[in-house]
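Here is how the chains run, residue by residue.
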Amino acid sequence: MSLTARQWLQKIRQLSLPKKVRIMNVCGGHERSITQAGLRTALPDNIELIPGPGCPVCVCPEEDVYEAIQIALNEDVILVAFGDMLRVPVNVSKSEARSLEEARAIGADIRPVASPAEVVRIANEHPDKEVIFFAAGFETTTAPVAAMLAEGAPDNLLLLLSGRLTWPAVAMLLASDEPGFDCLVAPGHVATVMGSEEWRFVVEQHNIPAAVAGFNNESLLAAIYSTLRQRLEDRPFLDNCYPELVSKAGNPRAKQHLYNVMEVIDAKWRGIGVIPSSGFGLREAWQPHDARQKYASYQDEARKRAGKMPPGCDCARVVLGKIYPTECKLYGAACTPRHPIGPCMVSDEGACRIWWSHVRKPAA
Ligand code: SF4
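Not measured: the values here are computed from a predicted model.

Draft legend 1. Main features of the site of the ligand. Taken together, the neighbourhood of the ligand is formed by Cys313, Asp314, Cys315, Cys328, Leu330, Tyr331, Cys335, Ile341, Gly342, Cys344, Met345 and Cys352. For the shell around the ligand, a count of residues per class yields 10 nonpolar, 1 polar and 1 charged.

Next up, the structure:
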């Protein structure tokens, strides 16, 4: 029999918990559900729910965004990207375009898209132009991008890829001296594609309780309860609280497309640095669709040094779960969704944006 959210909360409240338990989530969708439902307030005070690395737009390297802006401004192309990428600011002087949105305002043909199917449609409608798809995302977004190529994209469709894998960021945190969390709620969307087994290392190598969760209150609270029980009983195991969509092995067809078209590479995360085996690159056979091959001159080594977070922006520490958004001095003051300083206030999956939309507590 499945329990209601109220019943899960009751079960959690009945646990004899230690002074403090820190549970990290690594999915912008989870953070949104938790914040929207006010789960932090509903749970006992000694349970901390920490938003972790769950926003691919927030960690997309600054030099990739800059590269996209420059290609769009200087080449006769149509550049398309998922909507929240358009407002991500880069570190340039005010006289230059600081985001794709600003580049569009001064004449670049930049269009927001919602899906790879839309990108293919635009490419088919403009056979005389190259359509550059700036694709930043985690496994859930990157798998459909791979499928788009595998299933036969038009020749004029090129990819500027900034795909990332979620688990290596968690592995990096766990390998550090201070992971900053005691339990993990693993991402349901990513596990739908990649399978729950991807998260087994959390339990087996680090002895940390883990549970895959879906996006409603019941599934999230079931996962929270599971990890708390595991911790109390000192019996960590990988639980699956999203069995209706998540299997151990994930979606074999999506994974096949992903690994046929792309290979796993070391990749940079904005403000964090290079995380081994944490990114996707196009395999050699797909290089005719690789915008980085065609427009190699826009890869600017100097940008990599300028690519940190904007001055004063604590987005990297927010992404790593080291601080809450409200602990950034700029939160709600200089930085709001209307005037974002860092990417965490731009993306719908960014913790700062989510907290501003639902909590709005000013910095202490
Ligand atoms: Fe960066 Fe703004 Fe978030 Fe502060 S509130 S960490 S400036 S995005």
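Draft legend 2. Here's a closer look at the pairing of strand β9 (residues 238-241). When strand β8 (residues 210-213) meets β9, the two strands line up parallel, connected through 4 bridges. By the bridge assignment, alanine 210 is partnered in β9 with leucine 238. With helix α12 (residues 217-232) bridging β8 and the parallel β9, this β-α-β connection has left-handed handedness.

Draft legend 3. Quick peek at the state of the cysteines. All chains considered together, the criterion is met by 2 disulfides. What pairs with cysteine 55 in a disulfide is cysteine 58, and their sulfur atoms sit 2.2 Å apart. What sets the handedness of the cysteine 55 and cysteine 58 disulfide is the S-S torsion sign, and at about 80 degrees it is right-handed. For cysteine 55, a relative accessible area of 4% gives the class buried.

Draft legend 4. Structural view of the domain arrangement of the protein. Once the domains are mapped, the protein shows domain 1 (18-54 + 167-241), domain 2 (57-165 + 251-303) and domain 3 (315-358). For domain 1 and domain 2, the distance between their C-alpha centres works out to 30 Å. Contacts between the two partners involve 12 residues from domain 1 and, on the opposite side, 16 residues from domain 2. For the pairing of domain 1 and domain 2, the buried interface totals around 1100 Å² over both sides, and the portion due to carbon and sulfur atoms is 72%. Looking only at domain 1, the three residues that lose the most surface to domain 2 are Pro168, Val193 and Met194, adding up to 48% of its buried area. Summed over the shared surface of domain 1 and domain 2, the result is 0 salt bridges. At the surface where domain 1 touches domain 2, the tally comes to 3 residue pairs in polar contact (both at pLDDT 80 or more). Among the secondary structure elements, those contributing two or more residues to the side of domain 1 that touches domain 2 are α9 (167-175) and α10 (188-194). In terms of residues, the side of domain 1 that touches domain 2 owes the most to one element, α10, which gives 5 residues. Within the side of domain 1 that touches domain 2, the residues separate by chemical class into 8 nonpolar, 3 polar and 1 charged.

Draft legend 5. Quick look at the pattern of salt bridges. Under the counting rule described, the total for this entry stands at 20 salt bridges. Where glutamate 233 meets arginine 235, a salt bridge forms, and the shortest distance between an N and an O atom there is 3.0 Å. By relative accessible area, glutamate 233 is classed as partly exposed at 35%. Arginine 235 sits in the partly exposed class, given a relative accessible area of 46%. When the shortest N-O distance is used, the salt bridge between arginine 353 and aspartate 348 registers 3.9 Å. Of the residues examined, arginine 353 reaches a relative accessible area of 21% and is grouped as partly exposed. What makes aspartate 348 partly exposed here is its relative accessible area of 42%.

Draft legend 6. The arrangement of helix α17 (residues 351-358) in detail. Considered for burial, the residues of α17 that qualify are Ala351, Cys352, Ile354, Trp355 and Trp356. Of the surrounding secondary structure, the elements contacted by the buried residues of α17 are α2 (28-37), α3 (39-42), β2 (47-51) and α16 (315-319).

Draft legend 7. Summary view of the side chain of threonine 336. Within the secondary structure, threonine 336 is located in the loop between α16 and α17. Ignoring sequence-local partners within four residues, the contact set of threonine 336 consists of Met345 and Trp356.

Draft legend 8. Summary view of the nonpolar core. Counting residues in each nonpolar core, the largest one holds 80 residues, and the members touching the most others are Met85, Leu100, Phe134 and Leu184. Take this core: its biggest share by element is 6 residues, from helix α5 (residues 62-74). Once residues within four sequence positions are removed from consideration, phenylalanine 134 is found in contact with Cys60, Asp64, Val65, Ala68, Leu79, Val80, Ala81, Phe82, Met85, Leu100, Leu160 and Ser162. Counting 30 residues, the second largest nonpolar core, distinct from the first, contains Leu157, Leu165, Met194 and Phe280.

Conventions used here
Residues numbered from 1 in each chain as written. Predicted model: local features only at pLDDT ≥ 70, side-chain atom pairs only at ≥ 80, totals over all residues. Heavy atoms only, no water. Near = heavy atom within 4 Å. Nonpolar A, V, L, I, M, F, W, Y, C, P; charged D, E, K, R; others polar. Pairing = 2+ DSSP bridges. Helix = DSSP H or I, 4+ residues; strand = E, 2+ residues; numbered from the N terminus. Right-handed = clockwise from strand over helix to strand, strands pointing away. Disulfide = S-S within 2.5 Å. Buried < 20%, exposed > 50% of the residue type's maximum accessible area, 1.4 Å probe, protein only. Domains from an automatic or database assignment. Contact = heavy atoms within 4.5 Å. Buried area = accessible area lost by both parts, 1.4 Å probe. Salt bridge = Lys/Arg side-chain N within 4 Å of Asp/Glu carboxyl O. Polar contact = N/O pair within 3.5 Å; in protein donor to acceptor, adjacent residues only side chain to side chain. Core = buried A, V, L, I, M, F, W, Y, C linked by side-chain atoms within 4.5 Å.

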